[in-house]
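Residue-level listing of the chains:
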Amino acid sequence: MKQIVGVADMKVSNNPADDVITYSLGSCIGLVIYDPVARVGGILHYMLPESAIDKAKAAKKPFMFADTGIPRLFKTAYTMGAKKPRIRIFVAGGAEILDQKGFFNIGKRNYLALKKMFFKNNVMIDKQDVGGNINRTIRIEIASGDIFLKTSGSQEVKI
Amino acid sequence: MTALDQMIREIKDLTPMPAIASRLLEIVEKPDSSMNDIAQVIQYDPVMTIDILKICNSAYSGLKMPAESIKDAVNMLGTDQIVELALVKSSARVLSGRRKGYGLEHGDMWLYSVSSAVIAKQVAKRLGLNNKSTIFTAALIKDIGKIILEKYVSKDFKKIDTLVKKNDYSFREAEKKVLGIDHAEIGALIGKIWNFSPRMIKLIQHHHLRDESMVNDKEVAAVYLADCICMMMGIGVGADGLSYRFKDQLMKIHGISHSDITGLMAEFGVNMHEVKILLNMA
């Protein structure tokens, strides 16, 4: 079954019949994790780096922010049997509009927020497709852990 | 016949937005329009009336007493929301199709239009603009030029894409270079032929701030910024991707900070149910 992850949303599955997919990653980040032994995988689609800008909104929509969404993605996968050392990680998104600089570059800031958290927690990214000016869609097949990437107007490719 | 003549002929062959849309656009632009004016226009369109009442009486507002007429609905939801629902409904047919030339699948452009309209309302509020419905409407229909231009973009996509990827052009600049006209200009032409107001035509024509001197115009800035924010979030974005320019002088001129931008994005994140309701008007 197709499990669609909306904007500011997360889905984790251990059902081999599931495909988890998220559309429309612009400056947002799509974080895909997968444990090949437990066959547990999921996607977080977050929009912004830090929940400090609005704690009330973060409480309502924790998947909107990197710092409140990422821990929930991993913890949910752990409850389904995933183990940290086995988890493979793919990151997509973080695109930017032309001439976006400094603080206005949300895509870059989204990616840096993730890198910072991963560095602190000793987590490594296996593969990534980030930056640029393109829109991305990502999909993971839970049975195989295969990840697919599509950019608007192009065919889907296996990562 | 030049390509431009051909495009104008194609615009004339387009089925225009329903008459109710132009009447509502006129009302939206008049600050002294009354609730009655709006109800008068909508109530003679039975399909529109039924759809609005359905939305009014469902999750949109959790009303205890159901609305039975457009006048009830206007009283309950307010004129702005009723006008927005009606405009969304009447532009759905024109905007919801597949636009292959831009890599937009069925519904993508519709999702982008509605999302940027909702964001535009938030931006208008932030900039202290009174006529939020005008900004909402302009953001909703600003990409209408893509309907005509997509065929031409499709034919010359490689040339346009090369200019964007290798020569630092924005997608709009590349359209202009290769086709002699860009989707914002064609949109303004459609607006002229369909008798939109000069103000609406201006907002469509400058929604990518092609003429930087327009940056001082608050309404242009609002529509432009809403477009940038929607594009950044990638919602319903096509093969042109995020290849448009961000003019950061706008921030200084209109006193917008980076935390305003992230705040607007977060607000949209929690208001996405509003987009879903509007999308269902199609």
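Quick caveat, the model's predicted, so the values are computed rather than measured.

(A) Here's a closer look at the overall build of chain B. For chain B, the helix and strand inventory stands at 17 helices and zero strands. The C-alpha radius of gyration computed for chain B amounts to 19 Å, which stays within 12% of the reference 19 Å derived for 282 residues, consistent with globular compactness. Along the longest, intermediate and shortest principal axes, the C-alpha atoms of chain B span 60 × 45 × 30 Å. Put simply, chain B has 282 residues, and 51% of those count as buried. The long-range share in chain B, meaning contacts at least 24 apart out of those at least 6 apart in sequence, stands at 67%.

(B) Quick peek at the overall build of chain A. Helix and strand content of chain A: three helices and ten strands. Secondary structure elements of chain A occur, N-terminal to C-terminal, as β-β-β-β-β-α-α-β-α-β-β-β-β. Scaling as 2.2 N^0.38, a compact globule of 159 residues should have a C-alpha radius of gyration of about 15 Å, and chain A matches this with 15 Å. Its C-alpha atoms put chain A at 40 × 35 × 30 Å along the principal axes. A separation of at least 24 residues holds for 64% of the contacts in chain A among residues at least 6 apart in sequence.

(C) Examining the interface of chain A and chain B more closely. In this complex, chain A contributes 30 residues to the contact, which on the side of chain B involves 29 residues. Sorting the residues of the side of chain A that touches chain B by element identifies strand S3 (19-25) and helix H1 (55-60) of chain A as the ones contributing at least two each. Among the residues making up the side of chain A that touches chain B, the classes are represented as 15 nonpolar, eight polar and seven charged.

(D) Up close: the nonpolar core. Residues Leu31(A), Tyr46(A), Ile52(B), Ala120(B), Val223(B), Ala226(B) and Ile229(B) are the most contacted members of the largest nonpolar core, which totals 147 residues. By residue number, the principal contributor to this core is helix H14 (residues 218-233) of chain B, which donates 13 residues.

(E) Just the pairing of strand S9 (residues 147-151) of chain A, in detail. All names here are of chain A. Across the two faces of S9 the burial differs, with Ile 147, Leu 149 and Thr 151 buried and Phe 148 and Lys 150 not buried at all. Alignment of strand S8 (residues 136-141) against S9, held across five bridges, turns out to be antiparallel. Paired with Arg 139 across the bridge in S9 is Phe 148. Counting the residues in the hairpin turn of S8 and S9 gives five residues, including Gly 145, whose phi is positive at 80°. In the sheet, S9 pairs with strand S10 (residues 157-158) via two bridges, with the strands oriented antiparallel. In the sheet register, Phe 148 faces S10, and the bridge partner there is Lys 158.

(F) The sheet that holds strand S6 (residues 88-93) of chain A, seen in detail. All names here are of chain A. Taking strand neighbours across the sheet as the criterion, the five strands line up as S2-S5-S4-S6-S7 in an open arrangement whose pairing is mixed. The two strands at the open ends of the sheet, each matched to only one other strand, are strand S2 (9-13) and strand S7 (127-130). Between one strand axis and the next, the sheet turns through 10° on average, direction left out of account. Two strands pair when backbone bridges link them, and S6 and S7 are joined in this way by four bridges, in the parallel orientation. Considered in S7, the bridge of Ala 92 is made with Asp 129. Strand contacts of helix H3 (residues 106-120): strand S4 (29-35), strand S5 (40-46), S6 and S7, with the helix running at about 30° to S4, the strand carrying the most contacts.

(G) Quick look at the environment of Asn15(A). Its place among the elements puts Asn15(A) in the loop between S2 and S3. C-alpha of Asn15(A) to C-alpha of Thr68(A): the two residues are 53 residues apart in sequence and 25 Å apart in space.

(H) Spotlight on the pairing of S2(A). All names here are of chain A. Burial analysis of S2 places four of its five residues in the buried class, the great majority of the element. In this sheet, S5 lies alongside S2 in antiparallel orientation, the contact comprising five bridges. When the bridges of S5 are listed, Met 10 appears paired with Leu 44.

(I) Seen up close, H3(A). Residue and element names in this part refer to chain A. Between its first and last C-alpha, H3 extends 21 Å over 15 residues, near the 21 Å set by a 1.5 Å rise per residue. For H3, every residue scored as buried is listed here: Ile 106, Gly 107, Lys 108, Arg 109, Asn 110, Tyr 111, Ala 113 and Leu 114. After H3 finishes, the residue Asn 122 shows a positive phi value of roughly 55°.

(J) Geometry of the packing of helix H4 (residues 46-56) of chain B against helix H6 (residues 79-95) of chain B. Residue and element names in this part refer to chain B. Running from N to C, H4 and H6 cross one another at 130°; their axes reach a closest spacing of 10 Å. Of the possible angle classes, the one that applies to H4 and H6 is oblique. For the pair H4 and H6, the sense of crossing is right-handed. Contacts between H4 and H6 involve Met 48, Asp 51, Ile 52 and Ile 55 from the former and Ile 82, Leu 85, Ala 86 and Lys 89 from the latter. Residue composition of the contact of H4 with H6, grouped by class: six nonpolar, no polar and two charged.

(K) Spatial organisation of the sheet that holds strand S1 (residues 2-5) of chain A. Residues and elements named next belong to chain A. The strand order S1-S3-S8-S9-S10 describes an open sheet built from five strands, whose pairing is mixed. At either end of the open sheet lies a strand with only one pairing partner, and these are S1 and S10. With five bridges connecting them, S3 and S8 associate as antiparallel partners. Among the inter-strand pairings, Thr 22 is bridged to a residue of S8, identified as Ile 138.

(L) The arrangement of the packing of helix H10 (residues 157-166) of chain B against helix H11 (residues 171-179) of chain B in detail. Residue and element names in this part refer to chain B. Contact geometry of H10 with H11 gives a least axis separation of 9 Å together with a crossing angle of 135°. By the angle between their axes, H10 is oblique relative to H11. The hand of the H10/H11 crossing is right-handed. Across the interface between the two elements, Lys 159, Ile 160, Leu 163 and Val 164 from H10 touch Phe 171, Ala 174, Glu 175, Lys 177 and Val 178 from H11. Counted by class, the contact of H10 with H11 contains six nonpolar, no polar and three charged residues.

Cut-offs and rules
Residues numbered from 1 in each chain as written. Chains lettered and ligands numbered in written order. Predicted model: local features only at pLDDT ≥ 70, side-chain atom pairs only at ≥ 80, totals over all residues. Helix = DSSP H or I, 4+ residues; strand = E, 2+ residues; numbered from the N terminus. Rg over C-alpha atoms; globule rule 2.2 N^0.38 Å. Buried ≥ 20, exposed ≤ 12 C-beta atoms within 10 Å, placed from the backbone. Contact = placed C-beta atoms within 7 Å. Nonpolar A, V, L, I, M, F, W, Y, C, P; charged D, E, K, R; others polar. Core = buried A, V, L, I, M, F, W, Y, C linked by C-beta atoms within 7 Å. Pairing = 2+ DSSP bridges. Axes fitted to C-alpha atoms, helices over the stretch in contact; angles between N-to-C directions. Expected span 1.5 Å × (residues − 1). Parallel < 35°, antiparallel > 145°, perpendicular 65-115°, else oblique. Left-handed = near helix turned anticlockwise from the far one by under 90°.

Structural measurements only, silent on function.
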